[in-house]
Amino acid sequence: MAIKIYIDQGHNAVNPNAGAEGNGYREQDLVYYIGKELEKLLNADPNFEAITSRNSPTEVLGTSLSSSLSARVNEANAWGADYFISLHANASDIASASGSEAYVYSADSPAYVLAEDILLRLSEATGLANRGVFERPTLYVLRKTAMPALLLEIGFITNAGDAAMMAENPALVARGIYNGILTYFGL
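About the cut-offs
- Residues numbered from 1 in each chain as written.
- Predicted model: local features only at pLDDT ≥ 70, side-chain atom pairs only at ≥ 80, totals over all residues.
- Heavy atoms only, no water.
- Pairing = 2+ DSSP bridges.
- Helix = DSSP H or I, 4+ residues; strand = E, 2+ residues; numbered from the N terminus.
- Axes fitted to C-alpha atoms, helices over the stretch in contact; angles between N-to-C directions.
- Contact = heavy atoms within 4.5 Å.
- Expected span 1.5 Å × (residues − 1).
- Buried < 20%, exposed > 50% of the residue type's maximum accessible area, 1.4 Å probe, protein only.
- Phe/Tyr/Trp six-rings, centres within 6.5 Å; stacked < 30°, edge-to-face > 60°.
- Salt bridge = Lys/Arg side-chain N within 4 Å of Asp/Glu carboxyl O.
- Right-handed = clockwise from strand over helix to strand, strands pointing away.

S.K.: Would you mind going over the sheet that holds strand E1 (residues 3-9) with me for this structure?
M.R.: Strand pairs in the sheet, formed through backbone hydrogen bonds, run parallel or antiparallel to each other. Here we have six strands laid out as an open sheet, ordered E4-E1-E5-E8-E6-E7, and mixed in their pairing. Both outer strands of the open sheet, strand E4 (48-52) and strand E7 (130-135), are each paired with one neighbouring strand and no more. For this sheet, the mean inter-axis angle between neighbouring strands, taken without regard to orientation, is 20°. Here E1 pairs with strand E5 (residues 83-90) via five bridges, running parallel. Each bridged residue has a counterpart across the sheet, and for Asp8 the counterpart in E5 is Ser86. Helix H2 (residues 65-79) contacts E1, E4 and E5 of the sheet and is inclined by roughly 170° relative to E1.

Here you go:
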């Protein structure tokens, strides 16, 4: 039986729930394409079945921030996903801030180990620094999912190098995440 992975490309094309901007890029665009590349990799592997929250770059989920978040969680829960991965790009007032980090509901969760494996392999694939896994039990997509869930901040959109790498190499980023998933499952 295939492992079902729900890939949430964080944010919407426009408000409500549009993402961060930096270096001429928009978070919602970067994570849309990375998510579609990850979906292709997972669906090409008979061990997995994957779907994404947004199926076109212009798709808008919900009519408010809360309904946008609940649409993603509700779809993953209804589909019976085994794991939920929300993709994001970080932002900082410090332009030199760089690297990847992940958030989970609890350190005592399969999501924590999955997040560690993803960060390890993402760092190997992209050269981005591994900033670690942190507990964030207040995040809606981590609180309301019925399966282990993680929120991945791939890199900083406010860092020119991170932003260019995410924009120019979505397949490389997706491969790093996929490699982390393979590591987690021992495949």
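S.K.: Can you help me understand H2 in this one?
M.R.: Along an α-helix, residues three or four positions apart point the same way, because every turn accommodates 3.6 residues. For H2, with 15 residues, the first-to-last C-alpha span of 22 Å sits near the 21 Å given by 1.5 Å per residue. Buried within H2 we find Ser68, Ser70, Arg72, Val73, Ala76 and Trp79. If you follow the buried residues of H2, they end up packed against E1, E4, E5 and helix H4 (140-143). Of the residues flanking the end of H2, it is Gly80, one or two places downstream, whose phi is positive at about 80°.

S.K.: Teacher, can you tell me more about the packing of aromatic side chains here?
M.R.: The geometry of an aromatic ring pair comes down to the distance between the two centres and the angle between the two planes. The full count for this structure, using the stated rule, is seven aromatic pairs. Centroid distance Tyr184 to Phe185: 4.8 Å. Interplanar angle 85°. Geometry classified as edge-to-face. An aromatic cluster is present here, built from Phe48, Tyr83, Tyr184 and Phe185 joined pairwise through their rings.

S.K.: Whenever I open this one, the pattern of salt bridges confuses me. Can you help?
M.R.: When charged atoms on two side chains of opposite charge get close, those side chains can pair. Under the defined criterion, the tally for this structure stands at six salt bridges. One salt bridge connects Asp8 with Arg72, and the closest N-O pair in it is separated by 2.7 Å. With a gap of 64 residues between them, Asp8 in strand E1 and Arg72 in helix H2 connect regions that are remote in the sequence. Assigned by exposure class, Asp8 and Arg72 land together as buried. Of the charged contacts, one joins Glu101 and Arg131 as a salt bridge, the two residues approaching to 2.7 Å between their closest N and O atoms. Placement of Glu101 in strand E6 (residues 100-104) and of Arg131 in strand E7 is noted, with a sequence separation of 30 residues between them.

S.K.: So what exactly am I meant to see when it comes to unusual backbone geometry here?
M.R.: Trans is the common state for peptide bonds, and a negative phi is the common state for residues other than glycine. Between Asn15 and Pro16 the backbone carries a cis peptide bond, its omega angle lying at 10°. Even without a glycine there, the phi angle at Asn17 is positive, about 75°. Within the secondary structure, Asn17 is located in the loop between E1 and strand E2 (21-22).

S.K.: Got a minute to help me understand the pairing of E6 in this structure?
M.R.: Looking along a regular strand, one sees the side chains alternate between the two faces of the sheet. Burial analysis of E6 places five of its five residues in the buried class, which makes it a mostly covered element. Across the two faces of E6 the burial is the same, with Ser100, Ala102 and Val104 and Glu101 and Tyr103 all buried. Bridge analysis of E6 against E7 gives four bridges, and the strand direction is parallel. When the bridges of E7 are listed, Val104 appears paired with Glu135. Of the crossover connections in this fold, the one passing from E6 over helix H3 (residues 110-126) to the parallel E7 is right-handed. Pairing between E6 and strand E8 (residues 149-156): four bridges, direction antiparallel. When the sheet's bridge partners are listed, Glu101 is paired in E8 with Glu153.

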